[in-house]
Amino acid sequence: MSSGDSAGLDPMSPMAPIRPRNALRRGTRRARQAFVRDTMVAFGGLSAVSQVVGPFVPSGASGAVVGLSVGACLGWGLLRARPAVRVRQDFRRPEMTVVVETGDLFDQPAHLVVGFCDTFDTLSAGGRLINGDSVQAQLLDRRYDGDVHRLDAELDAALAPAEPVAREARADKPLGKLDRYPVGTVAVLGTRPRLVFGVAYSRIGNDYVASSGVEDLWRGLAGLWDALRAHAQLERVAMPLVGSGLARLGHLDRDSLLRLVLMSFVARSREAPICRELRVVVRPGELEGIDMRELAAFLAALASGPQR
């Protein structure tokens, strides 16, 4: 796996982790339960109505009415059980909103989060360092018009206060940058009203293969929340689904990664507010790996806790 897939914890990677069967069964069971519940509720409502209007319905039309009623109830149940493409949950303490939805990250009216590796490489090198489909590559194309020198200049200025933990020899790492920064380092790029928070989630090897673990991801998120608290001024923040393209995080499915991100955000927000709204933006193709109904229940449980 090249670092381009992971030099931003790329959620655009074509490698989709296999979801555990029990997760699929949970989602199917919840959808089935919703279908049965809402269909029965519709039957109950129509039964109550039929007792009132039944005497006024001609006997010859009663069969058609029953058929239409059954069809309407089943249709309502199927409509209510359909897969969701957006989940929204409001919290009270602190007052904030979490949204998970499909869409284009760079179309969001918000500050953006983009992942980098620990060397903050920007050179594509024919895809060996930065995958052309990655969020980081989109950042260069869509926010910097392909001007890698301008992006590097902003990165250098943003990283000036940070202290590298190591420096590679050019003989050991022929391509890309040499200074290594701690996982969790955040470079704040751009200007308001749409800052870019470039956070190091992963470590890139001298073979240009990036790797990360759950602890690295958790540390990266902690650094991100601190940077948002300091610079985002509680404004809306949008981020991709991180971690799904990393080899060492491949044992976690997208549901688990997403819940890890959200749990970290909620926990840190209860220490001090981070932003009024966090949006996690996933591509439509990634939705297959996420049970939105289960996710809604998970967020509702977080919001109904003692800190709500």
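For clarity, every value in this text was computed on a predicted model and none was experimentally measured.

The rules we used
Residues numbered from 1 in each chain as written. Predicted model: local features only at pLDDT ≥ 70, side-chain atom pairs only at ≥ 80, totals over all residues. Heavy atoms only, no water. Helix = DSSP H or I, 4+ residues; strand = E, 2+ residues; numbered from the N terminus. Contact = heavy atoms within 4.5 Å. Areas by Shrake-Rupley, 256 points an atom, 1.4 Å probe, with all protein chains shown as cover. Salt bridge = Lys/Arg side-chain N within 4 Å of Asp/Glu carboxyl O. Buried < 20%, exposed > 50% of the residue type's maximum accessible area, 1.4 Å probe, protein only. Axes fitted to C-alpha atoms, helices over the stretch in contact; angles between N-to-C directions. Parallel < 35°, antiparallel > 145°, perpendicular 65-115°, else oblique. Left-handed = near helix turned anticlockwise from the far one by under 90°. Expected span 1.5 Å × (residues − 1). Core = buried A, V, L, I, M, F, W, Y, C linked by side-chain atoms within 4.5 Å. pLDDT = per-residue confidence, 0-100. Phe/Tyr/Trp six-rings, centres within 6.5 Å; stacked < 30°, edge-to-face > 60°.

Caption draft 1: Representation of the overall build of the chain. A tally of regular secondary structure across the chain gives 8 helices and 10 strands. Excluding contacts between residues fewer than 6 apart, the proportion of contacts in the chain whose partners are at least 24 apart in sequence is 75%. Per element, the accessible surface of the chain, about 14,700 Å² overall, is 56% carbon and sulfur.

Caption draft 2: Structural detail: the pattern of salt bridges. With the rule as written, the count across this model stands at 18 salt bridges. Linking Glu235 and Arg192 is a salt bridge whose minimum nitrogen-to-oxygen distance equals 3.1 Å. Highlighted residues: Glu235 in the loop between helix 6 (214-231) and strand 9 (237-240) and Arg192 in the loop between strand 6 (186-189) and strand 7 (196-204), separated in sequence by 43 residues. Salt-bridge contacts for Glu277 lead to Arg279; the nearest nitrogen and oxygen are separated by 2.5 Å. A residue is classified by how much of its surface remains accessible, and Glu277, at 11% relative accessible area, is buried.

Caption draft 3: Inspection of the packing of helix 6 against helix 7 (residues 254-269) at higher detail. Viewed as axis vectors pointing N to C, helix 6 and helix 7 meet at an angle of 40°, and their least axial separation amounts to 10 Å. Classified by the angle between their axes, helix 6 and helix 7 sit oblique to one another. In this structure, helix 6 crosses over helix 7, and the sense of that crossing is right-handed. Facing helix 6, whose interface residues are Val214, Leu217, Trp218, Leu221, Ala222, Trp225, Asp226 and Arg229, helix 7 presents Leu257, Leu260, Val261, Ser264, Phe265 and Arg268.

Caption draft 4: Unusual backbone geometry, seen in detail. With an omega of -5°, the peptide bond between Arg93 and Pro94 qualifies as cis. Put simply, Arg192 and Pro193 share a cis peptide bond, and its omega is 15°. Relative to the helices and strands, Pro193 is located in the loop between strand 6 and strand 7. Unusually for a residue other than glycine, Asp145 sits at a positive phi of about 50°. Mapping Asp145 onto the fold places it in the loop between helix 4 (135-143) and helix 5 (148-159). Residue classification places Asp145 among the exposed positions, given a relative accessible area of 68%. Of note, Tyr208 is a non-glycine position whose phi angle comes to about 70°, a positive value. Given a relative accessible area of 5%, Tyr208 falls into the buried group.

Caption draft 5: Structural view of helix 6. Between the first and last C-alpha of helix 6 there are 26 Å, a value that for 18 residues agrees with the 26 Å anticipated at 1.5 Å per step. Of the surrounding elements, those touching the buried residues of helix 6 are strand 3 (111-117), strand 6, strand 7, strand 9, helix 7 and strand 10 (277-282). Two residues or fewer past helix 6, Gln233 is found with a positive phi of approximately 55°.

Caption draft 6: Up close: helix 4. Within the sequence span of helix 4, burial applies to Val135, Gln136, Ala137, Gln138, Leu139 and Leu140. Residues of helix 4 that are buried in the fold lie against strand 3, helix 5, strand 7 and strand 9. The positive-phi residue at the C-terminal boundary of helix 4 is Asp145, with phi of around 50°.

Caption draft 7: Up close: the nonpolar core. One finds Tyr201, Leu224, Trp225, Met239, Leu262, Phe265 and Leu295 to be the most contacted residues of the largest nonpolar core, which totals 43 residues. Secondary-structure elements contributing two or more residues to this core are strand 1 (86-91), strand 2 (96-102), strand 7, helix 6, strand 9, helix 7, strand 10 and helix 8 (292-303). In terms of residue count, helix 7 provides more of this core than any other element does, 7 residues in total. Setting aside residues no more than four positions away along its own chain, Phe265 makes contact with Met96, Val98, Trp225, Ile274, Cys275 and Leu278.

Caption draft 8: Structural detail: the environment of Leu112. When you line up the elements, Leu112 lands in strand 3. For the pair formed by Leu112 and Leu195, sequence separation is 83 residues and the distance between their alpha carbons is 6.4 Å. Among all residues touching Leu112, those that are not within four sequence positions of it are Leu105, Phe106, Arg143, Arg194, Leu195, Val196, Phe197 and Ala238.

Caption draft 9: Region of interest: the confidence of the model for the chain. Averaged over every residue, the pLDDT of the chain is 79; the share at 70 or more is 69%. The weakest mean pLDDT in the chain belongs to helix 1 (residues 3-6) at 35; the strongest belongs to strand 6 at 98.

Caption draft 10: Spotlight on the packing of aromatic side chains. Enumeration according to the criterion identifies 3 aromatic pairs in this entry. Judged by centre distance (5.3 Å) and plane angle (65°), the ring pair of Trp225 and Phe265 falls under edge-to-face. With Trp225 in helix 6 and Phe265 in helix 7, this pair connects stretches of sequence that are 40 residues apart. Phe265 carries the same exposure label as Trp225, and that label is buried.

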